[in-house]
Amino acid sequence: MPIRPAAGHSMDLKQLRTFRAVAELGSLSKAADRLRAAQPALSRHIKLLEHELRVELFVRNGRGMLLTSAGRMLLDRTTGLIRQIEQVSDDLKSANGNPSGRVILGLVPTVSAVLSGRFARRVLHEFPDVSLRLVESYGGHLVEWLHRGEMDLAIIYGPAVDLHLQVQSIGREDIVAVGPPGSGLNKRKQVDLKWLAKQKLILPSISHGLRALLEKALAREKLKLEAMIEVDSYRAQISLMEEGLGYTLLPPSAIRAEVAAKRLEMAAVNPSVSRELILASPIAHPPSIATTTIATLIVSEIQELSRQGRWKIDMTA
């Protein structure tokens, strides 16, 4: 059903912000918490918006509020626009030299494990007027949200070709073989891809970037990759390995704590497998002052982690 504002009425930015929050969270009460507003007021915003557009935007049930087809259309068409309007307001507030406003940063899970805590603490200390929202998900989802304008920045893995995003290469990171305690990987120090391909492997599904990278690396050696268990959660991969169920490949930075605690073992891979770390942002609209500040801070923090030896990443690549 097409969306048509009723005669003499127009959509209000406050109503659209309420609509977006309810759509994302699926609940008026959760949206009220996020927006720090009274739930009855948000309910009125939604009802007014539905009246003005002459369509139902949500299906209400005991479990929350689900978008109708018209609601999904409205969300797709307005999310990027709302972010741009918010960023204009943020930039005006940042004119005094103190970056201000909301920045939504996406992180792939293996990067989030290393970066999120330290980085959030640094933002709070150095830029208290910046409201940082961290979203952890796999690269494909982050790229989609960047294209839709729902996210300001994302740290993802390359290659950057065909992403149609503004990208900055941060460096390259080697992938290592990871196995359960007692697997002997620590003593071996290095394993061949041919040996690894014969082991019981716990890997993400084919839709994920790491799996595609491994498939290509093995194809170059004329080897075939077969996963015993496919799991799209990095933390679940770790749990399964700790149970002794198999091996996987991950960046060493993501399992540093588990290796130090002797809950996992790791070894380099021959020939080496590496992937590019990328900082990406939408092309459709220029970044806000706060977003640019956060982007600069991300590179600075990764450089610091690299200098400390906490993240083995080649930033000269």
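Residues numbered from 1 in each chain as written. Predicted model: local features only at pLDDT ≥ 70, side-chain atom pairs only at ≥ 80, totals over all residues. Heavy atoms only, no water.

### Some words on the overall build of the protein
Thinking step 1. Counting its secondary structure elements, the protein contains twelve helices and 13 strands.
Thinking step 2. With the C-alpha coordinates aligned to their principal axes, the bounding extent of the protein is approximately 75 × 45 × 35 Å.
Thinking step 3. Put simply, the protein has 317 residues, and 48% of those count as buried.
Thinking step 4. For the protein, restricting intrachain contacts to residue pairs at least 6 apart in sequence, the fraction spanning at least 24 positions comes to 74%.
Thinking step 5. Only carbon and sulfur atoms are counted for the fraction: they give 52% of the accessible area of the protein, which is about 16,200 Å².
Thinking step 6. Seen as two clouds, the 42 positive and the 33 negative side-chain charges of the protein have centres 3 Å apart. (Helix = DSSP H or I, 4+ residues; strand = E, 2+ residues; numbered from the N terminus. Buried < 20%, exposed > 50% of the residue type's maximum accessible area, 1.4 Å probe, protein only. Contact = heavy atoms within 4.5 Å. Areas by Shrake-Rupley, 256 points an atom, 1.4 Å probe, with all protein chains shown as cover. Lys, Arg positive; Asp, Glu negative; His and termini not counted. Charge placed at Lys NZ, Arg CZ, Asp CG, Glu CD.)

### A few points about the side chain of Thr-68
Thinking step 1. In this fold, Thr-68 is placed in the loop between β2 (64-67) and α4 (69-93).
Thinking step 2. Since its relative accessible area comes to 14%, Thr-68 is described here as buried.
Thinking step 3. Among all residues touching Thr-68, those that are not within four sequence positions of it are Glu-56, Leu-57, Phe-58 and Val-59.

### A few points about the pattern of salt bridges
Thinking step 1. Scanning the model with the defined rule gives 15 salt bridges in all.
Thinking step 2. Here Arg-148 and Asp-76 are joined by a salt bridge, their closest N and O atoms 3.2 Å apart. With Arg-148 in the loop between α6 (139-147) and β5 (153-157) and Asp-76 in helix α4, this residue pair connects regions lying 72 residues apart in the sequence. (Salt bridge = Lys/Arg side-chain N within 4 Å of Asp/Glu carboxyl O.)

### Regarding α6
Thinking step 1. Three or more residues of α6 are buried, namely Leu-142, Val-143 and Leu-146. Taken down its axis, α6 places every buried residue within 100 degrees of arc, on the same side.
Thinking step 2. In this fold, the buried residues of α6 make contact with β3 (101-107), β4 (130-136), β5 and β12 (273-281).
Thinking step 3. Phi turns positive one or two residues past the end of α6, at Gly-149, with a value near 80 degrees. (Arc of directions from axis to C-beta.)

### Details of the confidence of the model for the protein
Thinking step 1. Overall, the predicted model of the protein reaches an average pLDDT of 86, with 95% of residues at or above 70.
Thinking step 2. Counted against residues more than four places away or in other chains, residues 5-9, with its pLDDT under 50, gives seven contacts. (pLDDT = per-residue confidence, 0-100.)

### Quick notes on the packing of helix α1 (residues 13-25) against helix α3 (residues 39-53)
Thinking step 1. For the pair α1 and α3, interaxial distance at closest approach is 9 Å and the crossing angle is 105 degrees. Here α1 is positioned roughly perpendicular relative to α3, judged by the angle of their axes. Residues Lys-14, Gln-15, Leu-16, Thr-18, Phe-19 and Val-22 of α1 pack against Leu-42, His-45, Ile-46, Leu-48, Leu-49 and Glu-52 of α3.
Thinking step 2. A breakdown of the residues in the contact of α1 with α3 according to their chemical character gives seven nonpolar, three polar and two charged. (Axes fitted to C-alpha atoms, helices over the stretch in contact; angles between N-to-C directions. Parallel < 35°, antiparallel > 145°, perpendicular 65-115°, else oblique. Nonpolar A, V, L, I, M, F, W, Y, C, P; charged D, E, K, R; others polar.)

### Here's the deal with helix α12 (residues 289-307)
Thinking step 1. With 19 residues, α12 extends 27 Å from end C-alpha to end C-alpha; this agrees with the ideal 27 Å at 1.5 Å per step.
Thinking step 2. Taken together, the buried positions of α12 are occupied by Ala-290, Thr-291, Thr-293, Ile-294, Ala-295, Leu-297, Ile-298, Val-299, Glu-301, Ile-302 and Leu-305.
Thinking step 3. One or two steps after α12, the chain reaches Gly-309, where phi turns positive at roughly 80 degrees. (Expected span 1.5 Å × (residues − 1).)

### Here we look at the pairing of strand β6 (residues 166-179)
Thinking step 1. For β6 and β12, the ladder comprises nine bridges, and the chain directions are antiparallel. Paired with Asp-174 across the bridge in β12 is Ser-274.
Thinking step 2. Looking at chain direction, β6 and strand β13 (residues 313-314) are connected through two bridges and run antiparallel. For Glu-173, the partnering residue across the bridge sits in β13 and is Ile-313.
Thinking step 3. Of the strand pairs in this sheet, β6 and strand β10 (residues 248-250) are connected by three bridges, and their pairing is antiparallel. Residue pairing for β10: Val-176 is matched across the bridge by Leu-250.
Thinking step 4. Sheet analysis places β6 next to strand β11 (residues 265-270), joined by three bridges and oriented antiparallel. From the neighbouring strand, Gly-179 faces β11, where its bridge partner is Glu-265. (Pairing = 2+ DSSP bridges.)

### Considerations on the environment of Ile-206
Thinking step 1. In this fold, Ile-206 is placed in the loop between β8 (202-203) and α9 (209-220).
Thinking step 2. Taking the C-alpha atoms as reference points, Ile-206 and Glu-230, 24 residues apart in sequence, are found 8.9 Å from one another.
Thinking step 3. If we skip the residues at most four places from it in the chain, Ile-206 touches Arg-211 and Glu-215.

### Some words on the environment of Arg-54
Thinking step 1. Residue position: Arg-54 is located in the loop between α3 and β1 (58-61).
Thinking step 2. Among the residues examined, Arg-54 registers a relative accessible area of 53% and is labelled exposed.
Thinking step 3. When the C-alpha atoms of Arg-54 and Met-151 are compared, they prove to be 29 Å apart, with 97 residues separating the residues in sequence.

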